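Descriptive structure summary
Chain by chain, the residues:
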Amino acid sequence: MSFDTAPLFGAIEAGGTKFVCAVGTSTREYVAIGSIATGKPAETMQSVMEFFAEHAPDGLAGIGVGAFGPIDIDPLSRTYGTMLPTPKAHWGGFNYLEAIAEYTDAPVAIDTDVNMAARGELAAGAATDLSTFLYLTVGTGVGGGMVVDGRPLIGAGHPEMGHVTVPRAPGDTFPGGCPFHTDCLEGMASGPAIEHRWGRPGGLLGEFQTRATEFEAWYLGIALADFTLTLAPQRIILGGGVSRMDGLIHRVRDRMHRQLNGYVHALAERNTLDTFVVLPGLGDRSGITGALDLAKSVRKAT
Ligand code: ZN
């Protein structure tokens, strides 16, 4: 492989409904970006590799994958890159590294979708000026990527912040939707929870909009206060489709402020939360940008 110009990197943001793919020279310079509907693994990966072949005909210097879970992300593990048992049909047991190796010898690294979004925000988004922060995504599920000194926090597996216990909002009779815990944070505040509670999707809440926002702000504000007390992030980035609900982030800051009640000195004034809890700097491109950044970190010597 040779490169006349800057080497190209490949990025995959693998989701349950679509795979976003990108080719670029850096986290700020894309050559191409596209998306593919998620089908069975072999077909989906073939489409991804065709995308790469079209936009990087001379090959890629590295590939980064941000994948929906559960997945083994321990590079030292025998099953690194393998999907663990998942309700998503056909994907349990699928291994990204083996699938990609059928097409290219480019080095590949893989991490969770939420860690990848955090990595993207660190590289080029709302966290370029700090090193310890939380990226919480609220969408189909709720997940947190905690970055400590520039690296995702990984201990016995990755954190599962979506499944913490939250007190029930006054007047909320929705039983909760988590198959494991019923009314944990994800069970009460994910996109599907909103849809089931009100009988309609988050974008079409109509007369329920105000109460729905109130409930959502309750659960997220309390959870963010707890995460702040536990992990001491320098900032929290609130990503995912639900976070973009009209007026929600403002109400989340209000609720979090009441919950902390002045105990965290740096956040004692309400207006400090306006820059402490923020939307992603990269919009919906945090994950794919993180995957591109990861690809650069595994680049092959040329
Ligand atoms: Zn749960």
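Refer to the preceding data block for the structure.
These notes cover the structure that comes with them.

Analysis parameters
Residues numbered from 1 in each chain as written. Predicted model: local features only at pLDDT ≥ 70, side-chain atom pairs only at ≥ 80, totals over all residues. Heavy atoms only, no water. Salt bridge = Lys/Arg side-chain N within 4 Å of Asp/Glu carboxyl O. Helix = DSSP H or I, 4+ residues; strand = E, 2+ residues; numbered from the N terminus. Buried < 20%, exposed > 50% of the residue type's maximum accessible area, 1.4 Å probe, protein only. Pairing = 2+ DSSP bridges. Axes fitted to C-alpha atoms, helices over the stretch in contact; angles between N-to-C directions. Contact = heavy atoms within 4.5 Å. Parallel < 35°, antiparallel > 145°, perpendicular 65-115°, else oblique. Nonpolar A, V, L, I, M, F, W, Y, C, P; charged D, E, K, R; others polar.

This paragraph deals with the pattern of salt bridges. A full pass over the atoms with the stated rule returns eight salt bridges. Put simply, D129 and R235 hold a salt bridge, and the shortest N to O gap is 2.9 Å. With a gap of 106 residues between them, D129 in the loop between α3 (113-124) and β6 (133-138) and R235 in the loop between α6 (209-231) and β9 (236-239) connect regions that are remote in the sequence. A salt bridge links R270 to D254, with the nearest nitrogen and oxygen atoms 2.6 Å apart. Here R270, found in the loop between α7 (248-260) and α8 (273-276), pairs with D254, found in helix α7; they are 16 residues apart in sequence, far enough to count as distant.

Let us look at unusual backbone geometry. Between G69 and the following residue, P70, the backbone shows a cis peptide bond with an omega angle of 0°. One non-glycine residue, N261, adopts positive backbone phi at about 55°. Mapped onto the elements of the fold, N261 is located in the loop between α7 and α8. Residue classification places N261 among the exposed positions, given a relative accessible area of 67%.

All right, on to the sheet that holds strand β3 (residues 29-37) then. Hydrogen bonds along the backbone pair up the strands of a sheet, which may run parallel or antiparallel. Read from one edge to the other, the open sheet built from five strands follows the order β3-β2-β1-β4-β5, with strand pairing classed as mixed. On the outer flanks of this sheet lie β3 and β5 (108-112), each paired with one strand and no other. The mean angle between the axes of side-by-side strands here comes to 15°, regardless of whether they run parallel or antiparallel. Note: strand β2 (residues 18-26) against β3, eight bridges, orientation antiparallel. Within β3, the residue paired with A22 across the bridge is I33. In the packing of α3 onto the sheet, the strands contacted are β4 (63-67) and β5, and the crossing angle to β5 comes to about 105°.

The contact between α3 and helix α9 (residues 286-297) brings their axes to 6 Å, and the two run at 80°. The pairing of α3 with α9 is recorded here as roughly perpendicular in orientation. Residues M116, A117, R119, G120, E121, A123 and A124 of α3 form the contact with α9, whose own contacting residues are S286, G287, T289, G290, A291, D293, L294 and S297. For the contact of α3 with α9, the residue count by class is six nonpolar, six polar and three charged.

With that settled, consider the sheet that holds strand β7 (residues 142-148). The five strands lie next to each other as β8-β7-β6-β9-β10, forming an open sheet whose pairing is mixed. Two strands close off the open sheet at either side, each with one partner strand: β8 (151-152) and β10 (277-278). Across two bridges, β7 lies against β8 in antiparallel orientation. Note that in β8 the partner of V148 across the bridge is R151.

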